[in-house]
Every structure is written in structure tokens, then in C-alpha cells.
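# Commentary on secondary and tertiary structure
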Amino acid sequence: MSEAEQGSAAGPGEQPPTEEEMRAALEEQMREVRVEDLVLQSVASIINLTARRIAKPDEQDLGQAKVGIDAVTALVELLPPDASKQVRNALSELQVLYAQAAGGEGAEGGGGAGGGGGGPEGGKSQPPPAPGPRQEPPPRLWTPGS
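Quick caveat: nothing in here was measured; it's all calculated off a predicted structure. (Residues numbered from 1 in each chain as written. Predicted model: local features only at pLDDT ≥ 70, side-chain atom pairs only at ≥ 80, totals over all residues. Heavy atoms only, no water.)

### A closer look at the overall build of the chain
The following threshold applies: Secondary structure elements are defined from DSSP: runs of H or I of at least 4 residues count as helices, runs of E of at least 2 residues count as strands, and each element is numbered from the N terminus. With a 1.4 Å probe rolled over the protein chains alone, any residue whose accessible area is under 20% of its type maximum counts as buried; one over 50% counts as exposed, and the rest are partly exposed. Residue contacts follow a heavy-atom distance rule, with two residues in contact if any of their heavy atoms lie within 4.5 Å.
Scanning the chain from terminus to terminus reveals 5 helices and 0 strands. Overall, the chain shows an N-to-C arrangement of helices and strands of α-α-α-α-α. Within the chain, buried positions represent 21% of all 146 residues. A fraction of 69% describes how many contacts in the chain between residues 6 or more apart in sequence connect residues 24 or more apart.

In C-alpha cells:
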């Protein structure tokens, strides 16, 4: 409930909604929601959180980023074609960022012969990081339809 709704509910002569009324409103929302829409919203949230786990130094967790990338990879097939294309583009960007972060983790200078292995987590072949140190700005938050 928003502050405006709470403020109007506290007005003279008005009662806050009962639990039954709130339950009925939730039921109405649930009738209108499509699973496809919920999957798309979930994928957008996973993409955004994964980008944070890669790009923000104070939140970096490449293990969690890999889980996010794998989850989006599994769910992208369930999306409608137009959303699927956008998600695939965002997923490609995440994979490149992940490869750059994973490559920079072992050798701070980047590149070199040690950057291609990826360790035991490297279950999927990732493109090698670009030569030379490139500083990418943090990715923009992706939202469906953007």
C-alpha cells in the first residue's frame, strides 16, 4: 500500500481495507497476471543483480554471477521472440563482463597466458577478454522493452 493510500485510509470517516478486501484485491491481480510476464520480470531482475555481482567491486561475487548467467540462459527460451532478442543481447553483455572480470581476477594486469583457463567454474567456453586493460562503465539497468 502506498503512502497516499495509507494517508487516505486514515482520513475521517474512512476505514482501512479489511483483510478480506485486501485478499480479494490480490486475487484479482493474480487472475490477470500471466506466467510469461512473471518469467520476464524475473529474468530482468536476475540480469540486473548479475550485473551488480560482476561490475560493483564491493558486491563482486563471480560465483553468484555465473548462477545468474546460467539461470537467464535457461529461461530465455521461454520468452516471447521480441523479449528473447533483448534478453539475449543483455546476456551477451553479461558474459563478456564476466569473462573480463574472471580474467582480471587471476592476473591484475589482464591478458597473458593465464587468462584463458577460467578454472573449474569455466563450464562454458567464454570469449577471451579484450587485449589491454579496458575500463567498462557499470552496465545500465536493463528493463523489458528498453
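### Here we look at the confidence of the model for the chain
To be explicit about the condition: Along the chain, pLDDT gives the predictor's confidence residue by residue, from 0 to 100.
On average, the chain scores 77 in pLDDT, and the residues at 70 or more come to 63%. When pLDDT is averaged over each element of the chain, helix α4 (residues 62–75) comes out on top at 97 and helix α1 (residues 3–9) at the bottom at 48. Segment residues 2–10 is flagged for pLDDT under 50; beyond a separation of four residues in sequence, or across chains, it makes 5 contacts in the model. When the criterion is pLDDT under 50, residues 107–134 qualifies, and its contacts beyond four places in sequence or with other chains add up to 15 contacts.

### A closer look at the nonpolar core
Definition in use: In this description, a nonpolar core means a group of buried Ala, Val, Leu, Ile, Met, Phe, Trp, Tyr and Cys residues linked to one another through side-chain atoms lying within 4.5 Å.
Residues V43, I47, I54, L79 and V87 are the most contacted members of the largest nonpolar core, which totals 20 residues. Every element with two or more residues in this core is listed here: α3 (35–55), α4 and α5 (81–106). When residues in this core are grouped by element, the largest group, 8 residues, is from α5.

### Comments concerning the pattern of salt bridges
Pairing of side chains with opposite charge becomes possible as their charged atoms draw close. Spelled out, the test is: Whenever a carboxyl oxygen of Asp or Glu lies within 4 Å of a side-chain nitrogen of Lys or Arg, that contact is scored as a salt bridge.
One pass over the full model with this rule turns up 7 salt bridges. In this structure, the salt-bridge partner of E28 is R31, at a minimum N-O distance of 3.0 Å. Of this pair, E28 and R31 both sit in helix α2 (residues 19–32), separated by 3 residues, roughly a single helical turn. According to the relative accessible area criterion, E28 is partly exposed, its value standing at 37%. Given a relative accessible area of 57%, R31 falls into the exposed group. Put simply, R88 and E77 hold a salt bridge, and the shortest N to O gap is 3.0 Å. Of this pair, R88 sits in helix α5 while E77 is found in the loop between α4 and α5, placing the two residues 11 residues apart along the sequence. With a relative accessible area of 37%, R88 lands in the partly exposed category. On the basis of relative accessibility, which here comes to 56%, the residue E77 falls in the exposed class. Among the ionic contacts, a cluster of salt bridges with common partners joins R52, R53 and E59.

### Brief notes about the packing of α3 against α4
For clarity, the threshold we go by: Angular values range over 0 to 180 degrees, each being the angle between N-to-C directions of two axes fitted as lines to C-alpha atoms, with helices fitted over their stretch in contact. Angular relationships are summarised with four words: roughly parallel below 35 degrees, roughly antiparallel beyond 145, roughly perpendicular across 65 to 115, and oblique for the angles in between. If you view the pair so one helix is near and one far, a crossing is left-handed when the near helix is turned anticlockwise from the far one by less than a right angle, and right-handed when it is turned clockwise.
Remark: α3 packs on α4, axes separated minimally by 9 Å, with the N-to-C direction vectors making an angle of 155°. Taken together, the axes of α3 and α4 lie roughly antiparallel to each other. Two packed elements cross with a definite hand, and for α3 against α4 that hand is left-handed. From α3, V39, V43, I46, I47, T50, R53 and I54 reach across to α4, where they touch L62, Q64, A65, G68, I69, A71, V72 and L75.

### Re α2
Here is the rule: To estimate how far a helix should extend, the number of its residues minus one is multiplied by 1.5 Å.
Under the 1.5 Å per step criterion, the end-to-end length of α2 is 20 Å for 14 residues, consistent within 8% with the ideal 20 Å. Counting buried residues along α2, only 0 of its 14 residues qualify, which leaves the element largely exposed.

### Remarks on α4
What counts here: Throughout, the arc means that of the directions going from the helix axis to the C-beta atoms. Polar contacts here mean pairs of N or O atoms no more than 3.5 Å apart (in protein, one a potential hydrogen donor and the other a potential acceptor; neighbouring residues in sequence count only if both atoms are side-chain atoms).
An ideal rise of 1.5 Å per residue puts 20 Å on 14 residues; α4 measures up with 20 Å between its terminal C-alpha atoms. For α4, the set of buried residues is L62, A65, G68, I69 and V72. For α4, the arc enclosing every buried residue in end-on projection is 110°, short of the 170-degree limit, so these residues lie on one face. The outward face of α4, more than 90 degrees from its buried face, is lined by the exposed residues V67 and A74. For α4, the capping residue at the N-terminal end is D61, with a side-chain oxygen 3.2 Å from the backbone nitrogen of G63.

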